[in-house]
There are 2 protein chains.
Amino acid sequence: MKPHNDFLEALRWDSNGLIPVIAQDHQSNDVLMVAWMNREALALTVAENRAVYWSRSRQKLWRKGEESGHVQQVHEIRLDCDEDVLILKIEQVGGIACHTGRRSCFYRKLIDGQWQSVEAVIKDPSDIYQ
Amino acid sequence: MKPHNDFLEALRWDSNGLIPVIAQDHQSNDVLMVAWMNREALALTVAENRAVYWSRSRQKLWRKGEESGHVQQVHEIRLDCDEDVLILKIEQVGGIACHTGRRSCFYRKLIDGQWQSVEAVIKDPSDIYQ
């Protein structure tokens, strides 16, 4: 009996047992990144109050910030009407969510038919991942 | 030759030829919904300056608001570092994005281990879809 984890059952996990998660700054509401969780990742996120994702490329749990120090502290978790997307409202430690060293992964904007970078690199990735 | 549609080639379409799209209010930054686009939907979105999605359930183009009147006027389009998620910054006509009659699809919040509705229904769905 784990009644405290019943919220996991309400979700429509995809065929790989995953759900997409939008990480949104809890103050500015800026979307910082999108990643994926499996059941264990979401249970750990709730238990530890920090974002824990499932890395599809590495096929393992990914405690956001484990290498970079750019931990995401969770303020709120939201679910959509189709039960197949989550939002984490988070506080981004270090102010950098993207592996490129930018604040947000959504740093390119469509301008005159081209994707143009409109956000500065705050920290060189080689200084983040050592 | 369609050089004005080169931006479609930069994206990593999934095995079904789709990409997830976050619709975000251009002023409040609130995330209103997540839907999907194929190449045609995105090309039409850019050409018409209003959100056109691909309905996975109906397997056809879905001009958001075609039934409800709740059109989404596009102010900005963003792309993430992995080229596999888009953000549309939009103006939500009618102030209702969700088919439940709520402003946002993300109306449930995890509170004490349960998903609880924290946003009011603005308009009865039976009055929206006639």
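Residues numbered from 1 in each chain as written. Chains lettered and ligands numbered in written order. Predicted model: local features only at pLDDT ≥ 70, side-chain atom pairs only at ≥ 80, totals over all residues. Heavy atoms only, no water.

A separate point is the overall build of chain A. Scanning chain A from terminus to terminus reveals two helices and eight strands. N-terminal to C-terminal, the α/β element order of chain A is β-β-α-β-β-β-β-β-β-α. Against the 2.2 N^0.38 benchmark of 14 Å for 130 residues, chain A shows a C-alpha radius of gyration of 15 Å, consistent with a compact globule. Each of the three principal axes of chain A carries a C-alpha extent, and together these read 50 × 35 × 30 Å. Counting only residues that meet the buried cut, chain A has 52% of its 130 residues in that class. A fraction of 41% describes how many contacts in chain A between residues 6 or more apart in sequence connect residues 24 or more apart. Carbon together with sulfur atoms contributes 44% to the accessible area of chain A, which is approximately 6400 Å² in total. On chain A, the mean spot of the 16 positive side-chain charges and the mean spot of the 19 negative ones are 3 Å from each other. (Helix = DSSP H or I, 4+ residues; strand = E, 2+ residues; numbered from the N terminus. Rg over C-alpha atoms; globule rule 2.2 N^0.38 Å. Buried < 20%, exposed > 50% of the residue type's maximum accessible area, 1.4 Å probe, protein only. Contact = heavy atoms within 4.5 Å. Areas by Shrake-Rupley, 256 points an atom, 1.4 Å probe, with all protein chains shown as cover. Lys, Arg positive; Asp, Glu negative; His and termini not counted. Charge placed at Lys NZ, Arg CZ, Asp CG, Glu CD.)

So, about the relation of the copies chain A and chain B. With an RMSD of 0.0 Å, the operation that places chain A on chain B is a rotation of 180° combined with a shift of 0.0 Å along the axis. Put plainly, the chains are arranged around a two-fold axis. Closest approach to the rotation axis among the C-alpha atoms of chain A is made by Asn29 of chain A, whose C-alpha sits 2.7 Å away. Most of the interface of chain A is mirrored in chain B: 100% of its interface residues are interface residues there too. (Least-squares fit on C-alpha atoms with pLDDT ≥ 70 in both.)

Residue and element names in this part refer to chain B. Of all seven residues in strand E1 (residues 19–25), seven are buried, a share of seventy percent or more. Here E1 shows no split at all, with Ile19, Val21, Ala23 and Asp25 on one side and Pro20, Ile22 and Gln24 on the other all buried. Counted between consecutive antiparallel strands, the loop separating E1 from strand E2 (residues 31–37) contains five residues, among which Asn29 sits at a positive phi close to 70°. (Pairing = 2+ DSSP bridges.)

A covalent bond between the sulfur atoms of two cysteines is what we call a disulfide. Applying the stated criterion across every chain yields a total of zero disulfides over all chains. Not engaged in a disulfide, the cysteine Cys105 of chain A finds its nearest cysteine sulfur in Cys81 of chain B; these two sulfurs lie 3.7 Å apart. Residue Cys105 of chain A is classed as buried on the basis of its relative accessible area, which comes to 8%. (Disulfide = S-S within 2.5 Å.)

It is worth spelling out the sheet that holds strand E1 (residues 19–25) of chain A at this point. The mixed open sheet is built from six strands, whose spatial order is E2(A)-E1(A)-E6(A)-E5(A)-E7(B)-E8(B). Looking at the sheet topology across the chains shown, the edges are occupied by strand E2 (31–37) of chain A together with strand E8 (114–117) of chain B. Here the average twist between neighbouring strands, direction ignored, is 35°. Pairing analysis gives seven bridges linking strand E5 (residues 72–79) of chain A to strand E6 (residues 86–92) of chain A, with the strands arranged antiparallel. Bridging across to E6 of chain A, Gln73 of chain A finds its partner in Glu91 of chain A. With respect to the sheet, helix H1 (residues 39–48) of chain A is in contact with E2, E5 and E6 of chain A together with strand E7 (108–111) of chain B, its orientation differing from that of E5 of chain A by roughly 120°. (Axes fitted to C-alpha atoms, helices over the stretch in contact; angles between N-to-C directions.)

With 37 residues of chain A in contact, the opposing surface of chain B contributes 37 residues. For the pair chain A and chain B, the two sides together bury roughly 3100 Å², of which 62% comes from carbon and sulfur. Remark: the boundary between chain A and chain B carries eight salt bridges. Two residues, Arg78 of chain A and Glu119 of chain B, come together in a salt bridge whose shortest N-O distance is 3.7 Å. Taken together, chain A and chain B are joined by 22 residue pairs in polar contact (both at pLDDT 80 or more). Where the side of chain A that touches chain B is concerned, the elements lending two or more residues are E1, E2, E5, E6 and strand E7 (108–111) of chain A. The element best represented in the side of chain A that touches chain B is E5 of chain A, accounting for four residues. Here the residues of the side of chain A that touches chain B are counted per class, giving 20 nonpolar, six polar and 11 charged. (Buried area = accessible area lost by both parts, 1.4 Å probe. Salt bridge = Lys/Arg side-chain N within 4 Å of Asp/Glu carboxyl O. Polar contact = N/O pair within 3.5 Å; in protein donor to acceptor, adjacent residues only side chain to side chain. Nonpolar A, V, L, I, M, F, W, Y, C, P; charged D, E, K, R; others polar.)

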